[in-house]
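Analysis of the macromolecular model
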Amino acid sequence: MAATKVRGLVAALNSTGYFKYKSPDAVVDFLVVGGGVVGLAVAQRLSERFPRKSTYLVERHPHAGEETSSRNSEVIHAGLYYPPESLKTQLCLRGRHLMYERCNKYNIPYRKTGKLVVAHEHQRAYIESLFAKARQLSWPKHSPPHGAEDQVLPVSLISGAQARELEPDLSPDIAAALWSPETGIVDSHSVMESLEKDILESEGGALVFSTRVVRVDPYKSEETSRFDSEKGWVVQTVTENAEQGDSLLARTLINASGLSANLIPNSLLPEVSRIPMFFARGSYAAYSGPGISRINRLIYPCPETGPNKHAFQSLGTHLTLDLQGKVRFGPDLEWISPPSQVDASEYDFNEENADFWRKHLKPSDSRLEEMHRAVTEYLPGVSFEGFRPDYVGIRPKLVLSGFQDFTVRKDYADGSGRGLMVSLMGIESPGLTSSLAIAEHVVDDIIKSHHIQ
C-alpha cells in the first residue's frame, strides 16, 4: 500500500468505557507495561538499581517477546544510519557495547559477523557520507573510559574489488562498500531469557504474564484510602479472560508496549491531540540455492535515495545470517492500514481493533518476486526458486516519511512533576540493539533525576 493512502490508528485504551474506575488495592513502586526486550530491559535495570523497591512487569501474552522482539533480523547494529545526536544513534552506539558485554557475561549466543553496505557507482556518495559521519561521532553518555584516538564506530571504505575479495558472490556492478566490523547477530530469545532470569531472581522484581492493562488514570487522593498521600497512576489489569481485574497504584509507570504504545497516552489526551500509530509490515524470505555459497557477512544494499526514498523507514532488503549460518533476506517494507471501508472514528473507538495488524502476520509468496528483484541488484546469482516465505514482522511507526527518532514521552499524574509515566513510542530498529541503553536512559537519566531513591 502506498504511504499516501495509509491511515494511522488513533485508538485509545478503554475508549468504550467498559472498565469503570476502581480504587487501587495495592501499591507498586515501578510498573512496566510490555514484556518485549525493551520492557524486560527496563524492568531488569530497575530491579538492579532499586533492589529494595518493587518492580512489576505485566505482559498480555503468555510469554515474553511475542511481538516485534521475536520477529526481526536479530542484528546487533553498529549505529551507522541516523542523525548523530539522535536517540537512535546515541542509544544504538551505547546499546551495542552493552549488548556485547551482556552476551559475554551470560554466555548468550552471538557472532560479530561484520557488515558490508554495498553501493553501485551512483550510490557511492551515500556510503561516503556514512563514512564521514561515523568518523565524527562522539562517544555516547555512560560510555566506559576510552582513548582520545578510539573510534566509537570503526568503519572503512573499500573498493568494489575489495568487497568481492570478502564476498565473491557480489555483483561486478558493486563499485564500493562500507565495511562495519562491529555489526553482529544475536539470539534475541536468549537475551530476553537472561533478562527474565535477572528480574525473577531480584529481591523486588516480578513478571506477570497473560495480563493486559485495560485502564489507566491519574490517582486522586481518597479520604478512605490508605494511599492518601501517594502520587501515581491507577492501573487496572485483567488476567486471561476474567471480566474484572485488579487495580494497582503505580508510583512510576513505564509504558513499553511497542505496537500498542499509543493506547495509554491516547486515553489521557483530548481526542484532537491523540497520537496515530502507523504499521510497517516487513516480510522475510529464507533462501537456499546458488549465488551465496561463500557468504559469511551481513550484506546491506544502500537504501533507496531517489524520488521514492525510504532511507529512514527501511534499510532495504538485506542479507542476514542466523547463528547456524542460514541465509535469509528482508525485511521489505509494506505499509498496512486499518480497513478503509469502515468509518475511521467508529473503528478506532473500539480498542480491540488496535490489533488489526495480527491479520497481516501470515507470510505469503506475494512479496517474493519483488524481493528477488531487489536482491539481484547486489547478488545476481541468486535464483527465484530458492526463495520461500519465512516470517513477517510489524514495526511501530510514528510517521510515514522522513526521520522519526525514538520518542520518550513524560507525563505526570499531578500535572506538575509528581507521579511519573514514561512512554516509549516508535521503538523499532535499532530497538533490539538499543534496548539495554534505552533502559539505562530511562532509569539512570530520567527516573533517577526525579529524585527517586
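Let us look at the structure shown here. Nothing here was measured: the structure is a model prediction, and the numbers come from that model.

A short note on helix α1 (residues 37-49)
- For α1, built from 13 residues, the straight-helix expectation of 18 Å at 1.5 Å per residue is met to within 8% by its first-to-last C-alpha distance of 18 Å.
- In terms of burial, α1 is a largely internal element, 11 of the 13 residues being buried.
- Taken as a whole, α1 has its buried residues at Val37, Val38, Gly39, Leu40, Ala41, Val42, Ala43, Gln44, Arg45, Leu46 and Ser47.

Quick word on the pairing of strand β20 (residues 420-425)
- Burial runs high along β20: 6 of the 6 residues are buried.
- Burial along β20 is two-sided: the residues Leu420, Val422 and Leu424 and Met421, Ser423 and Met425 are all buried.
- Here strand β12 (residues 246-255) runs beside β20; their pairing, made up of 3 bridges, is parallel. For Ile254, the partnering residue across the bridge sits in β20 and is Val422.

Looking at the pattern of salt bridges
- In total, this model carries 27 salt bridges according to the counting rule given.
- With a closest N to O distance of 2.6 Å, Arg251 and Asp29 form a salt bridge. Placement of the pair is Arg251 in strand β12 and Asp29 in strand β1 (residues 26-33), with a sequence separation of 222 residues.
- A salt bridge links Glu428 to Lys88; its shortest N-O distance comes to 3.3 Å. In this pair, Glu428 is assigned in the loop between β20 and α9 (431-447) and Lys88 in helix α2 (residues 87-106), connecting sequence segments 340 residues apart.
- Here Lys88 falls in the buried class, since its relative accessible area comes to 1%.

A few points about the packing of aromatic side chains
- This model, assessed by the stated rule, comprises 10 aromatic pairs.
- The interplanar angle of 80° and the centroid separation of 4.8 Å between the aromatic rings of Tyr18 and Phe19 together place this pair among those described as edge-to-face.
- Note on Tyr18: relative accessible area 47%, which makes it partly exposed.
- Overall, Phe19 belongs to the buried group, its relative accessible area being 8%.
- Each ring, one from Tyr284 and one from Tyr391, has its centre 4.4 Å from the other, and the planes form 15°; the classification is stacked.

Focus on unusual backbone geometry
- Omega for the peptide link from Gly330 to Pro331 comes to -5°, which places this bond in the cis form.
- Looking at the element boundaries, Pro331 is found in the loop between β16 (327-329) and β17 (334-336).
- Cis geometry marks the peptide bond from Ser429 to Pro430, where omega comes out at 10°.
- Mapped onto the secondary structure, Pro430 falls in the loop between β20 and α9.
- The backbone of Glu74 sits at a positive phi, close to 55°, despite the residue not being glycine.
- In this structure, Glu74 sits in the loop between β2 (55-58) and β3 (75-76).
- For Glu74, a relative accessible area of 18% gives the class buried.
- One non-glycine residue, His142, adopts positive backbone phi at about 75°.
- If you trace the backbone, His142 turns up in the loop between α3 (124-136) and β6 (156-159).

Thoughts on the nonpolar core
- The biggest cluster of nonpolar side chains holds 48 residues, and the ones touching the most others in it are Tyr81, Leu153, Ile292, Leu319, Phe329, Tyr378 and Leu379.
- When residues of this core are traced back to their parent elements, those giving at least two are β5 (115-119), α3, β7 (176-180), β13 (278-287), β14 (298-301), β15 (319-321), β16 and α8 (368-375).
- Residues Phe50, Phe406, Ala437 and Val443 belong to the second largest nonpolar core, which totals 41 residues.

Here we look at the environment of Pro380
- Relative to the helices and strands, Pro380 is located in the loop between α8 and β18 (387-397).
- Each C-alpha atom of the pair Pro380 and Pro172 lies 9.0 Å from the other, and the pair is 208 residues apart in sequence.
- In this structure, Pro380 is in contact with Asp169, Leu170, Ser171 and Pro172, ignoring residues within four places of it in sequence.

Describing the side chain of Glu428
- Relative accessible area serves as the criterion here: at 10%, Glu428 is assigned to the buried category.
- Engagement of the side chain of Glu428 in a polar contact is seen with the side chain of Lys397, the distance being 2.8 Å.
- Those residues in contact with Glu428 that lie beyond four places of it in its chain are Lys88, Arg395, Pro396, Lys397 and Phe406.

Side note on the environment of Lys220
- Assignment of secondary structure puts Lys220 in the loop between β10 (211-218) and β11 (233-239).
- Given the relative accessible area of 58%, Lys220 is considered exposed.
- Sequence-wise, Lys220 and Ala206 are 14 residues apart; in three dimensions their C-alpha atoms are separated by 26 Å.

Description of the sheet that holds strand β8 (residues 184-186)
- Read from one edge of the open sheet, 3 strands run β3-β8-β4, paired in antiparallel fashion. In this open sheet, the two edge strands, each paired with only one partner strand, are β3 and β4 (110-111).
- Where β4 lies against β8, 2 bridges are found, and the strand directions are antiparallel. By the bridge assignment, Tyr110 is partnered in β8 with Val186.

Calculation notes
- Residues numbered from 1 in each chain as written.
- Predicted model: local features only at pLDDT ≥ 70, side-chain atom pairs only at ≥ 80, totals over all residues.
- Heavy atoms only, no water.
- Helix = DSSP H or I, 4+ residues; strand = E, 2+ residues; numbered from the N terminus.
- Expected span 1.5 Å × (residues − 1).
- Buried < 20%, exposed > 50% of the residue type's maximum accessible area, 1.4 Å probe, protein only.
- Pairing = 2+ DSSP bridges.
- Salt bridge = Lys/Arg side-chain N within 4 Å of Asp/Glu carboxyl O.
- Phe/Tyr/Trp six-rings, centres within 6.5 Å; stacked < 30°, edge-to-face > 60°.
- Core = buried A, V, L, I, M, F, W, Y, C linked by side-chain atoms within 4.5 Å.
- Contact = heavy atoms within 4.5 Å.
- Polar contact = N/O pair within 3.5 Å; in protein donor to acceptor, adjacent residues only side chain to side chain.

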